[in-house]
Amino acid sequence: DRDIPLPLREQLARLQVPVLKVALMDKQFFASQQHPARRLLDIIASASIGWSEGDAPRLHARIKSVVDEVIRDFDTDVRVFSAQPEKLEAFVNQEEQQARGKTQEVVRGFERGETVRQAEAAARARVERYTETQDLPPLVREFLNKVWRPVLTLAYAQGGEASRSWRENVRTMGDLVWSVARKGDATQRHRFFAMLPGLLQRLHDGMHSVKVPRRDEDAFFSHLARLHASVVGPESKAAEASPQGESASVLSQLPATKLEAEVRAELGADIAPEASILIDEPTEVVTPAHASVRIEPTPPPKSPECAAPPQDAGENKHLNLAKSLEVGAWVEFSTERGNNTTLRLNWVSGLKNIFMFTNRQGENA
């Protein structure tokens, strides 16, 4: 088999006489795929997948020692073969564990980034329930998009949608929206005044969690107080108290992405490497590189408000094929230069939208 490197083919060739003896002596050789002699041949051949210069010294030395032992000890006792597959499998498994260990920090970075992306999608969907379906004052609309969405992102990333923090922050958003709606009777006004102190405290706590500057926080609460006065007071007083258009500019100096960046830094997702394809000539690889193949589109979280739109089956056949890969699978990549590189699937993200391939050492991804 020309796909098996020459050094390993030489070791397989050395086993020809011992294997012939086994085949003549033991009829189970042809009947069972788990026969020790057949397993030994299969393991040596499979070790050739992804063979590289970095593997050669250790792998070749271990295989040679196993073959030497078989040739030296085998005469008529087939049991000589029994221990060899386990020895070689143990060595291969140890190599795989070491390779995975080299990528752990990179994997943790990807996992943190994926957690944040999932949290951002859930938070965005919750906020859009109000901003896209209700007629909100500009002050509240801007606050939900710029400030409360990062608050929800942080809560989701730290505990998921079943956490107390997520549920409380979602409730706070609903209470805020209700608080700025016109209060038509005494019952509603009584409820408003009863809930207001707790609402303001929860808003303060949320803004503090994402490090909203004190200047912006004070400006928001000042305008919110005027907005509240406009919805609970008499009609004539309401018109005077309403902030009108200036509400929209209260948080204008706070960039929409600033708080999102604060949340990513808080969760450690700002160091997650970007996914890309990085396959090049081995001679050009100076240090071990870790990268990945990103499959688009990125699936959203499984919560109801983030349900994925239906996709055309033909359009996604390659996506589905990629998602069917399991960790440990070997894939051959062909570069534009005509070079072939065989890499093993080392890790798959939980949403199955990032796939990281490495060589046997956990490098050259």
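Bringing the overall build of the protein chain into the picture now. Helices and strands together make up the secondary structure of the protein chain, namely 14 helices and 4 strands. A buried classification covers 43% of the 365 residues belonging to the protein chain. Contacts in the protein chain between residues far apart in sequence, at least 24 positions, make up 67% of those at least 6 positions apart. As displayed, the protein chain offers around 19,600 Å² of accessible surface, 52% of which is attributable to carbon and sulfur atoms.

For the protein chain, the average pLDDT comes to 79, and 79% of its residues sit at 70 or higher. Helix 9 (residues 164-179) holds the highest mean pLDDT among the elements of the protein chain, 95, whereas strand 1 (residues 293-294) holds the lowest, 37. Taken as a whole, residues 238-242 scores under 50 in pLDDT and shows 7 contacts with residues more than four places along the chain or in a different chain. Every residue in residues 244-248 is under pLDDT 50, and counting partners more than four places away or in other chains gives 7 contacts.

What follows is about the nonpolar core. Core analysis: the largest hydrophobic core is formed by 42 residues, its most contacted members being F143, L144, W148, L152, L176 and L203. Secondary structure elements with two or more residues in this core: helix 7 (104-131), helix 8 (138-159), helix 9, helix 10 (186-209), helix 11 (214-232) and helix 13 (258-267). For this core, the element with the highest residue contribution is helix 8, accounting for 12 residues. Counting 25 residues, the second largest nonpolar core, distinct from the first, contains F29, I63, F74 and V80.

A few words on a nonpolar patch on the surface. A contiguous nonpolar surface patch, about 330 Å² in accessible area, is contributed by L20, L24 and M25. Owing to a relative accessible area of 70%, L24 belongs among the exposed residues under this scheme.

As a further point, take the pattern of salt bridges. Considering all chains together, one arrives at 15 salt bridges under this definition. Of the charged contacts in the structure, one is a salt bridge between D75 and K21, with a shortest N-O distance of 3.9 Å. One end of the pair, D75, is in the loop between helix 5 (56-73) and helix 6 (83-102); the other, K21, is in helix 2 (residues 16-25), and 54 residues separate them in sequence. Taking relative accessible area as the criterion, D75 reaches 49% and is therefore assigned partly exposed.

Looking now at the packing of helix 8 against helix 11. Two elements in contact, helix 8 and helix 11, have axes whose closest approach is 10 Å; the angle formed by their N-to-C orientations is 140°. The angle between the axes of helix 8 and helix 11 places the two elements in the oblique class. Here the hand of the crossing between helix 8 and helix 11 comes out left-handed. Between helix 8, through L139, V140 and F143, and helix 11, the contact on the second element is made entirely by F220, H223, L224 and L227.

So, on to the side chain of T172. Position of T172 relative to the elements: it lies in helix 9. T172 sits in the buried class, given a relative accessible area of 0%. One polar contact links the side chain of T172 to the main-chain carbonyl oxygen of E168, over a distance of 2.8 Å. Excluding anything up to four places from it in sequence, T172 contacts W148, L199, R202 and L203.

Looking now at the pairing of strand 3 (residues 340-348). Summarising the sheet, strand 2 (residues 330-334) and strand 3 pair through 5 bridges and their orientation is antiparallel. Across the sheet, V331 pairs through a bridge with L343, a residue of strand 3. Between strand 2 and strand 3, which pair antiparallel one after the other, the connecting turn spans 5 residues, and G338 there sits at a positive phi close to 90°. Hairpin connection between strand 3 and strand 4 (residues 354-358): a loop of 5 residues separates the two successive antiparallel strands, and K352 in this loop has a positive phi of roughly 55°.

Helix length check: helix 8 (22 residues) gives 30 Å between terminal C-alpha atoms against 32 Å at 1.5 Å per residue, within 8%. L144 marks where helix 8 bends most, by close to 45°. Most of helix 8 is tucked away: 16 of the 22 residues are buried. Taken from the residues just after helix 8, G160 is the one with a positive phi, measuring 80°.

Right, let's talk about unusual backbone geometry for a bit. Its identity is not glycine, yet K211 carries a phi of approximately 60°, on the positive side. With respect to the element layout, K211 can be found in the loop between helix 10 and helix 11. Given the relative accessible area of 44%, K211 is considered partly exposed.

Analysis parameters
Residues numbered from 1 in each chain as written. Predicted model: local features only at pLDDT ≥ 70, side-chain atom pairs only at ≥ 80, totals over all residues. Heavy atoms only, no water. Helix = DSSP H or I, 4+ residues; strand = E, 2+ residues; numbered from the N terminus. Buried < 20%, exposed > 50% of the residue type's maximum accessible area, 1.4 Å probe, protein only. Contact = heavy atoms within 4.5 Å. Areas by Shrake-Rupley, 256 points an atom, 1.4 Å probe, with all protein chains shown as cover. pLDDT = per-residue confidence, 0-100. Core = buried A, V, L, I, M, F, W, Y, C linked by side-chain atoms within 4.5 Å. Patch = residues over 30% accessible without salt bridge, like charges linked within 9 Å, V, L, I, M, F, W, Y side chains within 5 Å. Salt bridge = Lys/Arg side-chain N within 4 Å of Asp/Glu carboxyl O. Axes fitted to C-alpha atoms, helices over the stretch in contact; angles between N-to-C directions. Parallel < 35°, antiparallel > 145°, perpendicular 65-115°, else oblique. Left-handed = near helix turned anticlockwise from the far one by under 90°. Polar contact = N/O pair within 3.5 Å; in protein donor to acceptor, adjacent residues only side chain to side chain. Pairing = 2+ DSSP bridges. Expected span 1.5 Å × (residues − 1). Bend = angle between axes of the 7 residues up to and from the residue.

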